[in-house]
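The residues making up each chain are set out below.
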Amino acid sequence: MPRTTTKFGELDGKSVALHTLENANGMRVKLSDYGAGITSISVPDGKGGRAELITGFDSLDGYFGEAYRANAPYFGGTIGRYASRIKDGKFSIGGESYTLAVNDGSNHLHGGIQAFDKRVWQSEGVGENSIKFTLHSPDGEEGYPGNLDVSITYRLTEDNALEMHFAGTTDKATPLSMTNHAYFNLSGFTETIHGHTARIDAAEFLTPDETNIPVGERTAVAGTAADLRKATKLADALEHFPTGFEHFYAFAPPTTSAPAAAPLREVAEFTHPASGRKLAVLTTEPGALFYTGYFTSDELKRENGDQFGRYRAFCFESSRYPNGPNLPGVTDAVLRPGESYSATTIYQFTF
């Protein structure tokens, strides 16, 4: 099916486009210039209709509604410069100290106040079912050093995979860790995520401090409710966590070389047994944050009535390590001049 582009809304007097990709199986993905974000992933429901599988809105106005702005859930956005938290908004590179914008208590979260998910990106088609978004982030933006140029290329395949390829270059050493912040509900939002099963191929997660930031320790999952190496019903696992999952699972040790792509491998699978829908996640990244949406506002819903909110969808955000610039032995959290940032994550659907 050919890629189509329509108007999504206006921001600061400029038109913002929405791009639709669709394959022969009827899987449909919608992508916005605003935040280079995924606004919709839908599939045929077997009854003549469609099942929506992620949170989002059908117009740009939804991302500026009072309830959304107050809750700041980052629905489907491209996150950067640095995914997750950096402790106290501070880090040092080569003996030089930097202070970032603080937007999560005393910490820096998801790139700051006016981060990548809140910018309008440039877009261009690069194939019938592929589109590339590019963005320039100037030196000093949100406190980060270096003029940074980044891109994300989305491609929808005929075997129902949404591929995401991230790239970046800089003229000065800077932290860089990009991800997508889609929230999934494979039931089509007919129920909460409690009926889903989750399998995450990780033996450890990064141990958070009192402000929910890793500072260097790891926790083995063996013998704990956080062990999801075998498919586990989320209703059973969630009984053990008062505010659900917000665990950064480590798939492999951090690299000790330039932040280039590692081998692509499957790291997780989520299933909704009642519908038969599955989501497998493949990535080159060293870990991912599994978040089950405890703090998502129940006031949020799509224009068609799909209800969002607590435990109504989950995230699986593959990235470099949270607080990576401050963690001992982690070198792939910083991109340097002459290096190329590269990361790939694939959402593979079965329906």
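See above for the structure.
Basis of the calculations
- Residues numbered from 1 in each chain as written.
- Predicted model: local features only at pLDDT ≥ 70, side-chain atom pairs only at ≥ 80, totals over all residues.
- Heavy atoms only, no water.
- Helix = DSSP H or I, 4+ residues; strand = E, 2+ residues; numbered from the N terminus.
- Rg over C-alpha atoms; globule rule 2.2 N^0.38 Å.
- Buried < 20%, exposed > 50% of the residue type's maximum accessible area, 1.4 Å probe, protein only.
- Contact = heavy atoms within 4.5 Å.
- Pairing = 2+ DSSP bridges.
- Axes fitted to C-alpha atoms, helices over the stretch in contact; angles between N-to-C directions.
- Phe/Tyr/Trp six-rings, centres within 6.5 Å; stacked < 30°, edge-to-face > 60°.
- Lys NZ or Arg CZ within 6 Å of the ring centre and 35° of its normal.
- Core = buried A, V, L, I, M, F, W, Y, C linked by side-chain atoms within 4.5 Å.
- Salt bridge = Lys/Arg side-chain N within 4 Å of Asp/Glu carboxyl O.

Chemist: How should I be thinking about the overall build of the protein chain in this particular structure?
Modeler: Assigned secondary structure in the protein chain consists of 2 helices and 28 strands. Rg of the C-alpha trace for the protein chain: 19 Å, near the compact-globule value of 20 Å for 351 residues, within the 12% margin. Dimensions of the protein chain along its principal axes, counting C-alpha atoms only, are 60 × 55 × 40 Å. Counting the 351 residues in the protein chain, one finds 56% classified as buried.

Chemist: How should the environment of Thr174 be read in this particular structure?
Modeler: Along the polypeptide, Thr174 turns up in strand S15 (residues 174-175). Among residues more than four places away in sequence, those in contact with Thr174 are Arg81, Ile93, Tyr144, Pro145, Leu148, Ala333, Val334 and Leu335.

Chemist: Got a minute to help me understand the sheet that holds strand S1 (residues 4-11) in this structure?
Modeler: The 5 strands lie next to each other as S1-S2-S3-S4-S5, forming an open sheet whose pairing is antiparallel. Two strands bound the open sheet, and with one partner strand each, they are S1 and strand S5 (50-52). Pairwise comparison of adjacent strand axes, ignoring direction, gives a mean angle of 25° for this sheet. Bridge analysis of strand S4 (residues 37-44) against S5 gives 3 bridges, and the strand direction is antiparallel.

Chemist: How should the pairing of strand S9 (residues 96-99) be read in this particular structure?
Modeler: If a strand is regular, its side chains alternate between the two faces of the sheet. Pairing analysis gives 4 bridges linking strand S8 (residues 90-93) to S9, with the strands arranged antiparallel. In the sheet register, Lys90 faces S9, and the bridge partner there is Thr99. Where S8 folds back on S9, the antiparallel hairpin that results is connected by 2 residues, among which Gly94 adopts a positive phi of roughly 60°.

Chemist: Help me out: how do you make sense of the packing of aromatic side chains in this one?
Modeler: Inspection of the entire model under this criterion finds 32 aromatic pairs. Ring geometry for Phe184 versus Phe314: centroids 5.8 Å apart, planes at 40°, classification tilted. Of this pair, Phe184 sits in strand S17 (residues 183-184) while Phe314 sits in strand S26 (residues 314-319), and the two are 130 residues apart along the sequence. The class for Phe314 is buried, based on a relative accessible area of 0%. In textbook terms, an aromatic cluster arises when at least three aromatic residues are bridged by ring pairs, as seen for Phe8, Tyr34, Phe57, Tyr63, Phe64, Tyr68, Phe75, Tyr183, Phe189, Tyr291 and Phe308. The lysine or arginine in question, Arg310, covers the ring of Tyr294, its NZ or CZ lying 3.7 Å from the ring centre.

Chemist: What should I look at first to understand the nonpolar core in this one?
Modeler: Ile38, Ile200, Tyr249, Phe270, Phe290, Phe316 and Tyr347 are the most contacted members of the largest nonpolar core, which totals 60 residues. At 5 residues, the largest contribution of residues to this core is made by strand S13 (residues 148-156). Grouped together as the second largest cluster of nonpolar side chains are 17 residues, Ile93, Tyr144, Tyr321 and Val334 included.

Chemist: What should I look at first to understand the pairing of strand S23 (residues 265-272) in this one?
Modeler: Across 4 bridges, strand S18 (residues 197-200) lies against S23 in antiparallel orientation. Within S23, the residue paired with Ile200 across the bridge is Ala268. One ladder, built from 7 bridges, connects S23 with strand S24 (residues 277-283); its direction is antiparallel. Note on S24: the bridge partner recorded for His272 is Arg277.

Chemist: What exactly am I supposed to notice about the pattern of salt bridges here?
Modeler: Any two side chains of opposite charge can pair, on the condition that their charged atoms come close. What the rule picks out here adds up to 15 salt bridges. A salt bridge links Glu204 to Arg218; the nearest nitrogen and oxygen atoms lie 2.9 Å apart. With Glu204 in strand S19 (residues 204-208) and Arg218 in strand S20 (residues 214-220), this residue pair connects regions lying 14 residues apart in the sequence. Between Asp227 and Arg229 there is a salt bridge, and its shortest N-O distance comes to 2.9 Å. Salt bridges linked by common partners bring Glu52, Asp58 and Arg302 together as one network.

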